[in-house]
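Spelled out from the first residue to the last, the chains are:
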Amino acid sequence: SQTIHQWPATLVQPVGSPLSLECTVEGTSNPNLYWYRQAAGRGLQLLFYSVGIGQISSEVPQNLSASRPQDRQFILSSKKLLLSDSGFYLCAWSVANYEQYFGPGTRLTVT
Amino acid sequence: AQKVTQAQTEISVVEKEDVTLDCVYETRDTTYYLFWYKQPPSGELVFLIRRNSFDEQNEISGRYSWNFQKSTSSFNFTITASQVVDSAVYFCPYGGRRALTFGSGTRLQVQP
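Reading guide: rules and limits
Residues numbered from 1 in each chain as written. Chains lettered and ligands numbered in written order. Predicted model: local features only at pLDDT ≥ 70, side-chain atom pairs only at ≥ 80, totals over all residues. Heavy atoms only, no water. Contact = heavy atoms within 4.5 Å. Buried area = accessible area lost by both parts, 1.4 Å probe. Salt bridge = Lys/Arg side-chain N within 4 Å of Asp/Glu carboxyl O. Polar contact = N/O pair within 3.5 Å; in protein donor to acceptor, adjacent residues only side chain to side chain. Helix = DSSP H or I, 4+ residues; strand = E, 2+ residues; numbered from the N terminus. Nonpolar A, V, L, I, M, F, W, Y, C, P; charged D, E, K, R; others polar. Pairing = 2+ DSSP bridges. Axes fitted to C-alpha atoms, helices over the stretch in contact; angles between N-to-C directions. Core = buried A, V, L, I, M, F, W, Y, C linked by side-chain atoms within 4.5 Å. Buried < 20%, exposed > 50% of the residue type's maximum accessible area, 1.4 Å probe, protein only. Phe/Tyr/Trp six-rings, centres within 6.5 Å; stacked < 30°, edge-to-face > 60°. Lys NZ or Arg CZ within 6 Å of the ring centre and 35° of its normal.

Peer 1: Before we go on, may I ask you to explain the interface of chain A and chain B in this structure?
Peer 2: Note on interface size: it is often stated as the accessible area lost on association of the parts. Listed as interface residues are 19 residues of chain A and, on the opposing side, 18 residues of chain B. Roughly 1,600 Å² of surface becomes buried between chain A and chain B when both sides are summed, with 56% attributable to carbon and sulfur atoms. Summed over the three residues of chain A that lose the most area to chain B, namely Asn97(A), Glu99(A) and Phe102(A), the buried surface amounts to 32% of that side. Linking chain A with chain B are one salt bridge. Among the salt bridges present, the one from Glu99(A) reaches Arg50(B), with a minimum N-O distance of 3.0 Å. Summed over the shared surface of chain A and chain B, the number is four residue pairs in polar contact (both at pLDDT 80 or more). Mapped onto the side of chain A that touches chain B, the elements with two or more residues apiece are β4 (32-38), β5 (44-52), β9 (87-94) and β10 (101-102) of chain A. Split by residue class, the side of chain A that touches chain B holds 11 nonpolar, five polar and three charged.

Dropping the structure here:
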């Protein structure tokens, strides 16, 4: 069966520090991968999605970037965090455009 | 652009009551998917159902049922005999040619 992992679960970082969140999927090949952000009490906002290694589409201009170095690995990064980057970050995978399966999420607080 | 509206911000019911969560979407796509997800307090989104735009059959799964009406662009979700474990935020994202478009969700609180 398929499994999706995200880490860390929680993170507290000062403004201006770098960020690296990792997501890995097991049990499937060539999945579509996604990064979403959820502000408190809000819906999910798509940040990036990828249909293959090295193929990244950005949905929202910001100081975040994403990379897909391996088929089942998706990384979200920032060189300098802003206060507005605080939120709940969710990684998801899917086969084609069917239902997406989400990881447990990372709760990021920028202080 | 696609848009999903979940007008009910928060609903509170007493256990065993039936409750319907409303979802209305806007799109110009002819082919698309609609989904329902549950987000319990732990934060992880749990997939509940997918519906194709060309399939308007209603679906029932245990205490859950879904009513898709293309004519009114609605995809409503009913929980029969609600339970405390149903307390969560529910989303009905739209899926077109790329990733999902989410509304703001409906928080359901089931009181014992």
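Peer 1: What exactly am I supposed to notice about the sheet that holds strand β1 (residues 3-7) of chain A here?
Peer 2: Sheets are built from strands paired through backbone hydrogen bonds, the pairs being either parallel or antiparallel. Residues and elements named next belong to chain A. With respect to topology, four strands assemble into an open sheet ordered β1-β3-β8-β7, the strand pairing being antiparallel. Two strands bound the open sheet, and with one partner strand each, they are β1 and β7 (64-70). Across the sheet, the axes of successive neighbouring strands diverge by a mean angle of 15°, strand direction being ignored. Where strand β3 (residues 19-26) lies against strand β8 (residues 73-78), six bridges are found, and the strand directions are antiparallel.

Peer 1: I keep staring at the environment of Gln6(A) and nothing clicks. Help me out?
Peer 2: Residues and elements named next belong to chain A. Its location among the elements puts Gln 6 in strand β1. Expressed as a C-alpha distance, the spacing of Gln 6 and Ala 92, which sit 86 residues apart in the sequence, is 9.6 Å. Excluding residues within four positions of it along the chain, Gln 6 makes contact with Glu 22, Cys 23, Trp 35, Tyr 89, Leu 90, Cys 91, Gly 103, Pro 104, Gly 105 and Thr 106. Within polar-contact distance, the side chain of Gln 6 engages the backbone oxygen of Tyr 89 at 3.0 Å. A polar contact of 3.0 Å, which involves the side chain of Gln 6, links it to the backbone nitrogen of Gly 105.

Peer 1: Mind showing me how you'd approach the nonpolar core here?
Peer 2: For soluble globular proteins, the rule of thumb is that nonpolar side chains tend to be buried together. Residues Trp36(B), Phe77(B), Tyr90(B) and Leu108(B) are the most contacted members of the largest nonpolar core, which totals 23 residues. When sequence neighbours within four positions are dropped, the list of residues in contact with Leu108(B) reads Ile11(B), Val13(B), Val19(B), Ile79(B), Asp86(B), Ser87(B), Ala88(B) and Tyr90(B). Judged by nonpolar contacts, the second largest core, of 20 residues, contains Ile4(A), Leu11(A), Trp35(A) and Phe74(A).

Peer 1: Is there a simple way to explain the packing of aromatic side chains in this structure?
Peer 2: Each aromatic ring pair is described using two quantities: the centre-to-centre distance and the angle formed by the ring planes. Within the structure shown, the criterion is met by 26 aromatic pairs over all chains. For Arg107(A), the ring lying beneath its charged end belongs to Phe88(A), and the centroid distance is 4.2 Å. In this structure, Arg50(B) packs its charged tip against the face of Tyr98(A), placed 4.3 Å from the ring centre.

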